[in-house]
Amino acid sequence: MTAMGAALAAVEATQPAVVRAASEDDAGAWDAFVRASPDATGYHLWAWRRVFVRAFGHEPIYLLAYAGNQIVGILPLVSIRSRLFGRTLTSLPFLNYGGVVAVADSVARALVEAAGTIAAQRGCRHVELRHVARRFEDLPCRQHKVTMLLALEAGLWDRLDRKVRNQVRKAQKSGLTAEHGGVELVADFYAVFARNMRDLGTPVYSRRLFEEVLAAFPDRARLHVVRLEGQPVAAGLTYQSSKTTTEIPWASSIRDYNTLCPNHLLYWSVIEAAIEGGQGVFDFGRSTPGEGTYKFKEQWGAQPVPLHWEYRLVGGNQVPNVSPTNAKFHAAIELWKRLPMGIANALGPFVVRSIP
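All values reported here derive from a predicted model rather than from experimental measurement. (Residues numbered from 1 in each chain as written. Predicted model: local features only at pLDDT ≥ 70, side-chain atom pairs only at ≥ 80, totals over all residues. Heavy atoms only, no water.)

Some remarks on the overall build of the protein chain
- Across its full length, the protein chain holds 12 helices and 15 strands.
- Out of the 356 residues belonging to the protein chain, those deemed buried represent 52%.
- Of all intrachain contacts in the protein chain linking residues separated by at least 6 positions in sequence, the fraction that spans at least 24 positions is 72%.
- Accessible surface, the protein chain as shown: approximately 16100 Å² in total, 51% of it carbon and sulfur. (Helix = DSSP H or I, 4+ residues; strand = E, 2+ residues; numbered from the N terminus. Buried < 20%, exposed > 50% of the residue type's maximum accessible area, 1.4 Å probe, protein only. Contact = heavy atoms within 4.5 Å. Areas by Shrake-Rupley, 256 points an atom, 1.4 Å probe, with all protein chains shown as cover.)

Spelled out as C-alpha cells, the structure:
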C-alpha cells in the first residue's frame, strides 16, 4: 500500500481527523506527505515556511490533519498584519499556488474550518485558498486569473509561432546573450526586476526574498539573465514546482530595450533549460485573460488553465480585491511610476510585504 493509500485507509477506519498546528519537528513528515500527494506542488514544501519568515517576517501557521498516526491532510497558511490592508490569512501569499492538500473531502473541510477559527481569533476578514481546481463548491470563489501551460515536446522550436521564432533570432542577432546560474546572479536579476516593477507602478519585493528562495531550494530554483554588452536587460527566476514542471514566477525586462526582444530570448533560454532538464511542462505563471502578459504567453502556444481562489469568509465580509485592476489603486500606481529608483527600492519592500 502506498503512503497516500495508507493515509486514506486511516481516515476510513477512524474518527474524524484531528487538526493541529505543525512545528519544526514535523518538517520531515510534512514534506514526505507533500511528495507523496499528486495534488501538492513544490510550494507546499516546508522550506517555503522559512522563506516567509526570513524574507518578510510574517507568521506561518501550518496545519496538519491526523487520523490515528497518519498525516491525512495539510494546509499551509501565512498570517499578515498590515495597517494598510488589514489582517489576512492566505495559502499561500506572494505565490501562485497553495491551499488544502487532503486525502478526503472531510479532511479538507476540517482543515478549512480550523483555519476559519484561527482567522476569527486574529481579526482576519477571510482565509484565502489559492487552488487550481475548485475544491469547495459552497465557498465564494474568484476566477480572475489563469495560469499558462506549455507542453515541452520534441520539435517545439519548429512548432512555435513564426513571429516568436523571428523575435528570438532578432535578439540573438542584436548581440544579446543568455546565461543561467544561482545566487551569484542575484544583483543582476534584481537590478532588472526592481527597475521593471517601478516602471509598472508596483512596489518591489526585497532582494532578500530571492536570496532566501535560492538558498532554500538550490536544486529547484535558478536565475536567468539576458545581457547586452554585459549589462543585464532581462531576467527571471524559475522554480521546479513539480517533478515534471518548471515555472517562472518572477520575470522582468527593461522596456528601453524592447525593440531588441530581450524578453523573447529570456523565455526561450528558460524553456531550453527546462527541456534539457527533462521537464514536460513549462508554466508561464498567472495572468489576467486579455492583458498584455496573457497575449505574450499565448504567442508561445501556452494554454490557459483557470485558477480558483476560494474564500472562507469570517462574518459578513466580502471577497477581497487588492489587485492593480481595482480602481481605488490607480492614483497610487501612477504616483509610484514617477518615483526615483532609490526611493522606490527603499519603500517598496515595506509596502509589498503586506500585499499577499
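Describing helix α10 (residues 292-299)
- Where α10 is concerned, the buried positions are Tyr294, Phe296 and Lys297. With its buried residues spanning 160 degrees around the axis, α10 presents them on a single face.
- Looking at the buried side of α10, the elements it contacts are β8 (146-151), α9 (262-276), β13 (281-287) and β14 (303-306).
- Gly301 sits one or two residues past α10 and shows a positive phi near 95 degrees. (Arc of directions from axis to C-beta.)

Remarks on the packing of helix α3 (residues 47-56) against helix α8 (residues 207-216)
- At a closest axis distance of 9 Å, the pairing of α3 and α8 adopts a crossing angle of 155 degrees. Considering their axes alone, α3 and α8 lie roughly antiparallel with respect to each other. Considering the relative orientation of α3 and α8, their crossing is right-handed. Only Arg208, Leu209, Glu212, Val213 and Ala216 of α8 make contact with α3, whose side of the interface consists of Ala47, Trp48, Val51, Arg54, Ala55 and Phe56.
- For the contact of α3 with α8, the per-class residue count stands at eight nonpolar, no polar and three charged. (Axes fitted to C-alpha atoms, helices over the stretch in contact; angles between N-to-C directions. Parallel < 35°, antiparallel > 145°, perpendicular 65-115°, else oblique. Left-handed = near helix turned anticlockwise from the far one by under 90°. Nonpolar A, V, L, I, M, F, W, Y, C, P; charged D, E, K, R; others polar.)

Some thoughts on the pattern of salt bridges
- What the rule picks out here adds up to 17 salt bridges.
- Close ionic contact of Arg122 with Glu59 constitutes a salt bridge, the shortest N to O distance being 2.7 Å. Taken together, the residues span a long stretch of sequence, with Arg122 in the loop between α4 (105-121) and β6 (126-131) and Glu59 in strand β2 (residues 59-67) at a distance of 63 residues.
- On the basis of relative accessibility, which here comes to 28%, the residue Arg122 falls in the partly exposed class.
- For the salt bridge of Arg208 with Glu212, the shortest nitrogen-to-oxygen distance reads 3.1 Å. Residue Arg208 and its partner Glu212 are located together in helix α8, separated by four residues, close to a single helical turn.
- The exposure class assigned to Glu212 is buried, which follows from its relative accessible area of 14%.
- Each of Arg195, Arg198, Asp199 and Asp256 takes part in salt bridges that share partners, so that together they form one network. (Salt bridge = Lys/Arg side-chain N within 4 Å of Asp/Glu carboxyl O.)

Comments concerning the packing of aromatic side chains
- Per the counting criterion, the structure on display carries 27 aromatic pairs.
- Ring centres of Trp48 and Phe217 lie 5.1 Å apart, and the angle between their planes is 35 degrees; on these two criteria the pair is classed as tilted. With Trp48 in helix α3 and Phe217 in the loop between α8 and β10 (221-228), this pair connects stretches of sequence that are 169 residues apart. No difference in accessibility class separates Trp48 from Phe217, as the two residues are buried.
- Centre to centre, the rings of Phe217 and Tyr239 are 5.1 Å apart; their planes meet at 75 degrees, and the pair counts as edge-to-face. Of this pair, Phe217 sits in the loop between α8 and β10 while Tyr239 sits in strand β11 (residues 231-240), and the two are 22 residues apart along the sequence.
- Assessed through its relative accessible area of 1%, Tyr239 is described here as buried.
- Within the aromatic cluster, the residues linked to one another by ring pairs are Phe56, Phe94, Phe189, Tyr190, Phe193, Tyr205, Phe210 and Trp250.
- The cationic tip of Arg49 hangs over the ring face of Tyr62; the distance from NZ or CZ to the ring centre is 5.6 Å.
- Stacked on the ring of Trp309, the Lys or Arg Arg130 has its end atom at 4.1 Å from the ring centre. (Phe/Tyr/Trp six-rings, centres within 6.5 Å; stacked < 30°, edge-to-face > 60°. Lys NZ or Arg CZ within 6 Å of the ring centre and 35° of its normal.)

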